Amino acid sequence: MNEDSFFEALKAQYANQLPFVVYSRPINSIIKCWLQKDDTLHKTETFTESGFVFAPFDFKNQSVLLLETDCEQYSIEVESKIESQISKTQLVINENEKTSHISLVSKGISTIQQESLKKVVLSRCETQELTNNNPISIFKKLYHKYKNAMVYCWYHPKVGLWLGATPELLFKVEGKQLTTISLAGTQPYRRISKPVWTNKELEEQQIVTDYITNQIQPYTSQINVSNVETVRAGNLLHLKTRITSRIANTSSLKSIIDALHPTPAVCGFPRQEAKDFILQHENYNREYYTGFLGELNLKQSKTRNTNRRNVENNAYAVVKTQSNFYVNLRCMQIKEDKALIYVGGGITKDSNPEKEWEETVNKTKTIGNVLT
Ligand SMILES: C=C(O[C@@H]1C=C(C(=O)O)C=C[C@H]1O)C(=O)O
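Residues numbered from 1 in each chain as written. Predicted model: local features only at pLDDT ≥ 70, side-chain atom pairs only at ≥ 80, totals over all residues. Heavy atoms only, no water.

Colleague: Give a detailed account of the overall build of the protein, specifying residues and quantitative values.
Modeller: For the protein, the count of helices and strands is eight helices and 19 strands. In summary, the protein has a C-alpha radius of gyration of 21 Å against a globular reference of 21 Å for 372 residues, a match within 12%. Dimensions of the protein, computed from the C-alpha atoms along their principal axes, are close to 65 × 50 × 45 Å. Expressed as a percentage of its 372 residues, the buried residues of the protein come to 53%. Across the protein, every contact between residues at least 6 apart in sequence was considered, and the portion connecting residues at least 24 apart equals 73%. Of the roughly 17,500 Å² that the protein leaves accessible, carbon and sulfur atoms contribute 46%. The distance from the centre of the 45 positive side-chain charges to the centre of the 40 negative ones in the protein is 5 Å. (Helix = DSSP H or I, 4+ residues; strand = E, 2+ residues; numbered from the N terminus. Rg over C-alpha atoms; globule rule 2.2 N^0.38 Å. Buried < 20%, exposed > 50% of the residue type's maximum accessible area, 1.4 Å probe, protein only. Contact = heavy atoms within 4.5 Å. Areas by Shrake-Rupley, 256 points an atom, 1.4 Å probe, with all protein chains shown as cover. Lys, Arg positive; Asp, Glu negative; His and termini not counted. Charge placed at Lys NZ, Arg CZ, Asp CG, Glu CD.)

Colleague: Which residues make up the pairing of strand β14 (residues 236–247), and what values do they have?
Modeller: With nine of twelve residues buried, β14 lies mostly within the body of the structure. With eleven bridges joining them, strand β11 (residues 177–188) and β14 adopt antiparallel strand pairing. Bridge pairing in β14 places Gln-187 opposite Leu-237. As paired strands, strand β12 (residues 220–225) and β14 are joined by four bridges and run antiparallel to one another. The residue of β14 that forms the bridge with Val-225 is Ile-243. Hairpin connection of strand β13 (residues 229–233) to β14: two residues between the antiparallel strands, including Gly-234 at a positive phi of 65 degrees. (Pairing = 2+ DSSP bridges.)

Colleague: Go over the site of the ligand with me, naming the residues and quoting the values.
Modeller: In the region of the ligand, 18 residues are neighbours, and Glu-168, Thr-186, Tyr-289, Arg-330 and Gly-346 sit closest. Separating an oxygen atom of the ligand from a side-chain N or O atom of Arg-330 is a distance of 2.7 Å. Note that an oxygen atom of the ligand is positioned 3.3 Å from one of the side-chain N or O atoms of Glu-359. Within the complex, 99% of the 390 Å² of free accessible area of the ligand lies under protein. Among the secondary structure elements, those contributing two or more residues to the shell around the ligand are β11, β19 (338–347) and α8 (353–368). (Near = heavy atom within 4 Å. Polar contact = N/O pair within 3.5 Å; in protein donor to acceptor, adjacent residues only side chain to side chain.)

Colleague: Can you break down the pattern of salt bridges residue by residue, with the values?
Modeller: Here the structure, examined in full by the defined rule, presents 16 salt bridges. A salt bridge links Glu-97 to Arg-124, with the nearest nitrogen and oxygen atoms 2.8 Å apart. Here Arg-124 lies in strand β7 (residues 119–129) and Glu-97 lies in helix α2 (residues 95–114), a separation of 27 residues in the sequence. Taking the relative accessible area as the measure of exposure, Arg-124 reaches 6% and is therefore buried. The residue Lys-119 makes a salt bridge to Glu-204 at a minimum N-O spacing of 3.7 Å. (Salt bridge = Lys/Arg side-chain N within 4 Å of Asp/Glu carboxyl O.)

Colleague: Describe the packing of α2 against α8, naming the residues involved and giving the relevant values.
Modeller: Running from N to C, α2 and α8 cross one another at 125 degrees; their axes reach a closest spacing of 9 Å. Relative to α8, α2 is oriented oblique. Seen from above, α2 lies across α8 with right-handed handedness. For the pair formed by α2 and α8, the contact residues are Glu-97, Lys-98, His-101, Ile-102, Val-105, Ser-106 and Ile-109 on the first element and Pro-353, Glu-354, Glu-356, Trp-357 and Thr-360 on the second. Partitioned by chemical class, the residues of the contact of α2 with α8 number five nonpolar, three polar and four charged. (Axes fitted to C-alpha atoms, helices over the stretch in contact; angles between N-to-C directions. Parallel < 35°, antiparallel > 145°, perpendicular 65-115°, else oblique. Left-handed = near helix turned anticlockwise from the far one by under 90°. Nonpolar A, V, L, I, M, F, W, Y, C, P; charged D, E, K, R; others polar.)

Colleague: How would you sum up the nonpolar core? Please name residues and give values.
Modeller: Of all hydrophobic cores here, the largest spans 51 residues; its most connected members are Phe-52, Trp-154, Trp-162, Phe-171 and Phe-325. Setting aside its immediate chain neighbours within four residues, Trp-154 contacts Phe-20, Val-21, Phe-52, Phe-54, Val-64, Leu-66, Val-159, Gly-160, Leu-161 and Trp-162. Residues Val-78, Cys-153, Ala-339 and Leu-371 belong to the second largest nonpolar core, which totals 31 residues. (Core = buried A, V, L, I, M, F, W, Y, C linked by side-chain atoms within 4.5 Å.)

Structure below.
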């Protein structure tokens, strides 16, 4: 299938109001799509099926599944995934939204100072009028802009239309190998200067790393934690650590999901207290923002010997089950002619409400940049 017919098929799918997902994983020139044949809404609770999953922040809402057996899948290789220049969009600041976010963050800080809550991730949802509400063309713009992200557009007529460019892996499983990352701390990307991180940001990211390591301990062995590095996500920089381990034979995928979702990077710590605070005070429904999405239990066959002439060895292909889940960040939902953009940031005892507001404004630009 060539690029034109790939996007034509997607366009027809959307026009026929049938479910689909189109996505490209980070640093990957392959764009894949799954087109469901009818508009049945499949859900999963066990995560034992094979398909593409779209899961909410709060499991009280449904995790939607595009079943592998119900979908046609296509992929194209796009020659170059060159990160195009980040344009400087001037966002119009809504003063009411600013006041209410600052007040929410201040409430978070005072709760952290008084109680056992150590970190809470507080967010808001910003509405922007759209001049172009064609999801396929917005997807293409996101794809060309964000090389290091999982860029996607997901649609189900009974759920909604979501797009995003997320820098954050929740985890991936390949056979028994588990890889996850701890991503936190944010500052604007500046081309000329070397980033300097404050103790507040380093501590905030360390909370996430320690928490993840602790959570996976009962289900895995041989846990390995990398050094902290700075990574770029569009116009922003974050601190990142990579954590790998081996999943025990007795552990299910669902037990790993329950251990890791939602991480302190998008919820807070301790988890239940942070989640209760969010559900009580954020004043809107996150739905699928800070949920996760990705390939679930797909069989991948890998040959042990890549030398094509060695036909005998190629017969020993290893089939591994793979899942790749990304946290649904830097995302938006499209409703008619409006984009609902979701943005948040981690609050600790040393947070400054005004700065936290600015951080959400910077994060809005990831999506906002492709809408103008
Ligand atoms: C919550 C968001 O991002 C998360 C929060 C971060 C932070 O607090 O610095 C950084 C990366 C993400 O883990 C978001 O983008 O909406």
